[in-house]
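# Observations on chain architecture
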Amino acid sequence: MVMQAIYEAPRPAARSGETVVTSTCGHNCGGRCVVNAHVVDDTIVRISTDKRAWNPDLPPLPACARGVGQIERTYHPDRLKYPMRRVGPRGAGQFERISWDEALDEVAAQLLRVREKYGNAAILDGSRSGNTAALHSRAALARFLNLFGGSSGLWSNMSCEAEIFSVRQTYGTDVTYKAAGREPTDYVNSKLILMWGWSPADGTFGTGTPQYLKHAKDKGVRIVCIDPRRHRSSRMLADEHIFIRPSTDAAALIAMAQVIVSEGLHDQAYLDRYVQGFDEATLPEGAPQGGSYRAYLMGEPDGIVKTPEWAAEITGIPAKTIRRLAIEFGTAKPAAIQCGYAPGRTLHGEQFHRAAYALAAITGNVGIVGGNSGVSNGATGRAGIKSLPAGKNPIDSQVATPLLADFLEKGTAGGYPADIKLIYTMCGDIFNQCPNAPKIAKSLENVEFIVGQDNFLTPTTRHADIVLPATTFWERNDIQTPWAGAGHYAIFMRQAIQPMYECRNDIDILAELAGRVGIEGFTEKTEMDWLRDFTKDAVDDFDSFVEEGVARFPAPEDAVAFAKQIRDPEHHKFATPSGRIEIYSTGLGENPDPFGLGPISAIPTWVPHIDTSAEYPLSLLSAKSRARTHSIHGNQEKLNRVDPDDIWMHPVDADARGIRDGQPVKVMSGYGASILPVRVTEDIALGCVSMKEGRWYTPDADGVDREGATNSITGDITAACGATTYNTAFVEVRPVNPGPVSQER
């Protein structure tokens, strides 16, 4: 049954000679905002956004600087304009112009050659999330390669695999992580919100999320931020900021649970009815004696009681602060813990998320108004809107994404499932965003052919043999739904201008290739027919949706995920083996190493792994830039002024190294080095430094990155669940030009 939608046109009236077209950014940004193109003579002359006053019942969808900065991106002088062939050394950026027929013929011939000589597993799908709309996305390349006979792929989510894995283990397989949290409309119903490793004012995390948090704060909700950085969200919203060492968050959460249980603040009746594995009585058959979470908290298996004093040594948070926060969370019902992805991008990131979910369950806050599951996404999901079907990959050759560099370097000799000979990279800057960029660049010596399909000559497409110029979202039609799975609306991305230069839509490029390699049935519909089909279960008037631009859908029955399971457990069970919230994971109890990447305990535990040393004594974390969406916009000079790139360092750490605010410094790790300016600030925890992710990797002749690319110094190491480990990283920082620097900031 189609939900009744309300259609809105959140744009100003067109001036004389002007057309105004509503769309939204087509990238993996945390928001889904309105960007209106003002078009004169097939040229975007300015961009406006949704200017309506904020209303919690019908919030506007205003864009950030990146949305307005799309005009700089669209007309950037470095836009790829025509197909090109590499004529110099790989990575040198030396290309010659060729025709579309030459380019497509060469790509098709190489695909057929590699398939014939090595098999489909030798082809790597290098697409990612640079385009995330319903039709024009990485699904198009996956569909093409699957119809071609399959390819090797990178299976884990670079942003949040630890959360994806933990949601499945704790709450079940029938809910996606994007629909496992709560709607922002529910923030106001909490008495306490913990923002744990979560900064929606920097990473957005749903259009309007900061406004809903401010609304909750204005209504008296207490907000506490736990993070190694005092960021914009903390400054805007938090009543208290608690600094923590990166990659130690699970220890703090476990200690909080120990305090809550010791003080009798846990909800035993809730645990008995809805939760598996908190105590021995609810352990599944076959679980070891003393294997419950309660036993672990009290030190029964290992003799270590997980007290705040124990956690203080690990996390850097004073024991009295951990104890106070635990008691506050245990008594301020309903309380919500909103967990960002950053603490999960660590060597044992799944333990952080599972410990957070356990804390929410122990206090009876999962599935209730004003509480939360520990997931910071929404509860709505995609509102019934579909996307391009990719089909099934016939090849079983998958590798965890953080291992890309090692995979390319070693192949089958290193125990990987294939030797990669051809990479097709589309909708993403994978060489820049995967860890250990220097190793990736070197490992490409083993790859015979690379196709780069993009808008710019990024660090990835610079290494391509054939470069194919793609359109931007302004040059095609598509649909977007809320990124964070909250907000219950959709935006029609109406084409504003004709394709520029010789650029073509990604899906049309692949359709041309399909014909050349003998694939049938790649494109079954026109662009608009696809979009009409994708929305038929949600949009009752497609023409109005196209014309107006925004479709608002009815609010979900429950603003909090898992409310039905808590309200009516007899008829709505969790999709876990036990039908309950699983603090003790049945699946991990039976198979503790599901991916062959290392064992994972059946209950949340702290696994020691902080490996600072005399050579690399500082803990590095990667923060979001308000000027970029990952590496997108990285070449926009004007937009980058919004949030300049630097490395944050505590004054005590800076003084010990003779470093002064504003001077260039060299950041070094066991994997590489980078040079960028330093920001000396007390907004970073002692012993920690922070760089913004996504800056374009640009090595000099000595292999030292000159642009502040974080992945020039991160290691290609995976968590046991397949998650990236960007925030389990250790570095040293030294001044490039020692001595006092006079710099106004």
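As the structure is a prediction and not an experimental result, all values here were calculated from the model. The residue numbering used here restarts from 1 in each chain and proceeds along that chain's sequence as written. Local features in this predicted model are restricted to residues of pLDDT 70 or higher, and side-chain atom pairs are both shown and tallied only at a pLDDT of 80 or more, whereas totals for entire chains, interfaces and linings draw on every residue. Heavy atoms throughout the structure, all of them, feed into the side-chain values; hydrogens and water do not.

Time to look at the pairing of strand E4 (residues 43-49). Regular strands place their side chains on alternate faces of the sheet. Summarising the sheet, strand E3 (residues 35-40) and E4 pair through six bridges and their orientation is antiparallel. Looking at the pairing, Asn36 lines up with Ser48 of E4. If you look at the hairpin formed by E3 and E4, you'll find two residues sitting between the two strands, and Asp41 has a positive phi there, around 50 degrees. What makes two strands pair is DSSP finding at least two bridges between them. Where helices and strands are cited, they refer to DSSP runs of H or I of at least four residues and of E of at least two residues respectively, numbered from the N terminus.

Attention shifts here to helix H9 (residues 249-262). The span expected for a helix works out to 1.5 Å for each residue beyond the first. In a regular helix each residue adds 1.5 Å, so 14 residues correspond to 20 Å; H9 covers 20 Å between its end C-alpha atoms and thus fits that length. Just downstream of H9 lies Gly264, where phi reads positive at about 70 degrees.

Before going further, it helps to spend a moment on the packing of aromatic side chains. Stacked, tilted and edge-to-face are the three classes assigned to paired rings of Phe, Tyr and Trp, where Trp is represented by its six-membered ring and a pair needs centres within 6.5 Å; plane angles under 30 degrees give stacked, over 60 edge-to-face, the rest tilted. Following the criterion strictly, the structure yields 21 aromatic pairs and no others. With a centroid separation of 5.8 Å and 85 degrees between ring planes, the pair formed by Trp198 and Phe205 is classed as edge-to-face. Ring geometry for Phe473 against Trp474: centres 4.8 Å apart, planes inclined by 35 degrees, an arrangement best described as tilted. Judged by relative accessible area, Trp474 falls into the buried class, the value being 0%. If you follow Arg97 out to its NZ or CZ, it ends over the ring of Tyr82, 4.1 Å from the centre. Think of it as a cone above the ring: NZ of Lys or CZ of Arg counts as a charge over the ring if it is within 6 Å of the ring centre and within 35 degrees of the ring normal. Here Arg229 stacks its cationic end above the ring of Trp648, 4.2 Å away from the centre of that ring. Buried, partly exposed and exposed residues are distinguished by accessible area as a fraction of the type maximum, computed with a 1.4 Å probe on protein chains only: under 20%, between the cut-offs, and over 50%, respectively.

What follows covers the nonpolar core. To form a nonpolar core, buried Ala, Val, Leu, Ile, Met, Phe, Trp, Tyr and Cys residues must be joined to one another through side-chain atoms within 4.5 Å. In terms of nonpolar packing, the biggest core is built from 86 residues, with Leu194, Trp196, Tyr293 and Ile337 touching the most fellow members. Counting residues per element, this core draws most heavily on H9, which supplies eleven residues. In this structure, Val114, Leu388, Ala490 and Ile509 belong to the second largest nonpolar core, which totals 52 residues.

Attention now goes to the sheet that holds strand E1 (residues 6-8). The four strands lie next to each other as E1-E20-E19-E18, forming an open sheet whose pairing is antiparallel. The sheet is open, and its two borders are formed by E1 and strand E18 (478-480), each paired with just one other strand. Within this sheet the neighbouring strands show an average axis-to-axis angle of 25 degrees, counted without direction. Note: E1 against strand E20 (residues 550-552), three bridges, orientation antiparallel. Across the sheet, the residue bridging to Glu8 is Val550, located in E20. All axes here are fitted lines through C-alpha atoms, helices being fitted over the stretch that makes contact, and every angle between N-to-C directions spans 0 to 180 degrees.

Before going further, it helps to examine the side chain of Thr461. Checked against the element boundaries, Thr461 lands in the loop between strand E16 (449-454) and strand E17 (466-469). Here Phe456 takes part through its backbone oxygen, which lies 2.9 Å from a polar atom of the side chain of Thr461. For the purposes of these results, a polar contact is taken to be a pair of N or O atoms within 3.5 Å, where, inside protein, one atom must be able to donate a hydrogen and its partner to accept one; residues adjacent in sequence count only when each atom of the pair is a side-chain atom. A polar side-chain atom of Thr461 sits 2.6 Å from the main-chain amide nitrogen of Thr458. When near neighbours in sequence (up to four residues on either side) are disregarded, Thr461 contacts Phe95, Gly452, Gln453, Asp454, Phe456 and Val467. We call two residues in contact whenever any of their non-hydrogen atoms come within 4.5 Å of each other.

With that settled, consider helix H14 (residues 349-362). Taking 1.5 Å of rise per residue, 14 residues should cover 20 Å, and H14 covers 20 Å from first to last C-alpha, within 8% of that figure. Across the 14 residues of H14, 14 count as buried, placing the element largely inside the fold. Count one or two residues on from H14 and you reach Gly364, which has phi positive near 70 degrees.

Strands sit in the order E22-E26-E23-E25-E24-E27 around a closed barrel of six strands; the barrel is mixed. Going from strand to strand, the sheet's axes swing by 45 degrees on average, the running direction of each strand aside. The pairing of strand E23 (residues 647-649) with strand E26 (residues 688-692) spans three bridges and is classified as antiparallel. Within E26, the residue paired with Met649 across the bridge is Val689.

Here we take up the pattern of salt bridges. Whenever a carboxyl oxygen of Asp or Glu lies within 4 Å of a side-chain nitrogen of Lys or Arg, that contact is scored as a salt bridge. Going through the model one piece at a time under the given rule, you end up with 51 salt bridges. The residue Arg97 makes a salt bridge to Glu502 at a minimum N-O spacing of 2.6 Å. Remark: Glu502 occurs in the loop between strand E19 (489-493) and helix H18 (506-517) and Arg97 occurs in strand E6 (residues 95-97); sequence separation between them is 405 residues. Judged by its relative accessible area of 53%, Arg97 falls in the exposed class. Residue Glu502 is classed as partly exposed on the basis of its relative accessible area, which comes to 27%.

Turning next to the layout of surface pockets. If you add up the space inside the second largest pocket, you get close to 470 Å³. Taken together, 21 residues form the lining of the second largest pocket, with Leu457, Thr458, Pro459, Arg462 and Trp696 sitting closest to its centre. In the scheme used here, Gly and all other residues not listed as nonpolar or charged are polar, with Ala, Val, Leu, Ile, Met, Phe, Trp, Tyr, Cys and Pro taken as nonpolar and Asp, Glu, Lys and Arg as charged. Looking at side-chain class alone, the lining of the second largest pocket contains eleven nonpolar, five polar and five charged residues. Cavity: a set of points on a 1 Å grid over the protein atoms alone where a 1.4 Å probe fits but cannot get out. Pocket: an open set with protein on both sides within 12 Å along at least five of seven lines, its lining residues, like those of a cavity, having an atom within 4 Å of a point. Grid points are joined across faces, edges and corners, and a volume is the space filled by probe spheres set on the points.

Turning to the confidence of the model for the chain, a few remarks are in order. Residue-level pLDDT values for the chain average 96, and 99% of them are 70 or greater. What pLDDT expresses is the predictor's confidence in each residue, scored from 0 to 100. Long-range and interchain partners of residues 739-745, a stretch whose pLDDT sits below 50, account for 13 contacts in this model, where long-range means more than four residues apart.

Turning our eyes to something else, we now look at the packing of helix H12 (residues 308-315) against helix H13 (residues 319-331). Two numbers describe how H12 lies on H13: the axes approach to 8 Å, and their chain directions differ by 120 degrees. Between H12 and H13, the interaxial angle falls into the category oblique. Judged by the twist between their axes, the crossing of H12 over H13 is right-handed. Residues Pro308, Glu309, Ala311, Ala312 and Thr315 of H12 touch H13, and the partners they reach there are Ala319, Ile322 and Arg323. Classifying every residue of the contact of H12 with H13 gives five nonpolar, one polar and two charged. With respect to orientation, any angle under 35 degrees is reported as roughly parallel, any angle over 145 as roughly antiparallel, any angle of 65 to 115 as roughly perpendicular, and every other angle as oblique. Crossings are assigned a handedness: left-handed for a near helix turned anticlockwise from the far helix by less than a right angle, right-handed for a clockwise turn.

Secondary-structure assignment places Arg580 in the loop between helix H21 (563-567) and strand E21 (581-582). Discounting residues that sit within four places of it in the chain, Arg580 has contacts with Thr170, Leu271, Asp272, Arg273, Tyr274, Val275, Gln276, Thr282 and Phe574. A distance of 2.9 Å separates the side chain of Arg580 from the backbone oxygen of Asp272, its partner in a polar contact.

This part covers empty space enclosed by the protein. Inspection of the entire model under this criterion finds seven cavities of 30 Å³ or more. Around the largest cavity, the lining comprises 36 residues; the ones closest to its centre are Gly197, Ser199, Ala342, Arg345 and Lys624. The element best represented in the lining of the largest cavity is strand E22 (residues 618-623), accounting for three residues.

So, on to the environment of Tyr293. Here Tyr293 is to be found in helix H11 (residues 293-297). Residues Tyr293 and Leu283, ten residues apart in the sequence, show an inter-C-alpha distance of 9.6 Å. Once residues within four sequence positions are removed from consideration, Tyr293 is found in contact with Ile254, Ala257, Gly277, Phe278, Ala355, Ala358, Ile362, Ile583, Ile603 and Pro604.

Let us now look at unusual backbone geometry. For the peptide bond that leads from Lys333 to Pro334, omega is 5 degrees, which places it in the cis range. Mapped onto the elements of the fold, Pro334 is located in the loop between H13 and strand E13 (335-339). Although it is not a glycine, Asp41 sits at a positive phi angle of roughly 50 degrees. Among the structural elements, Asp41 can be located in the loop between E3 and E4.

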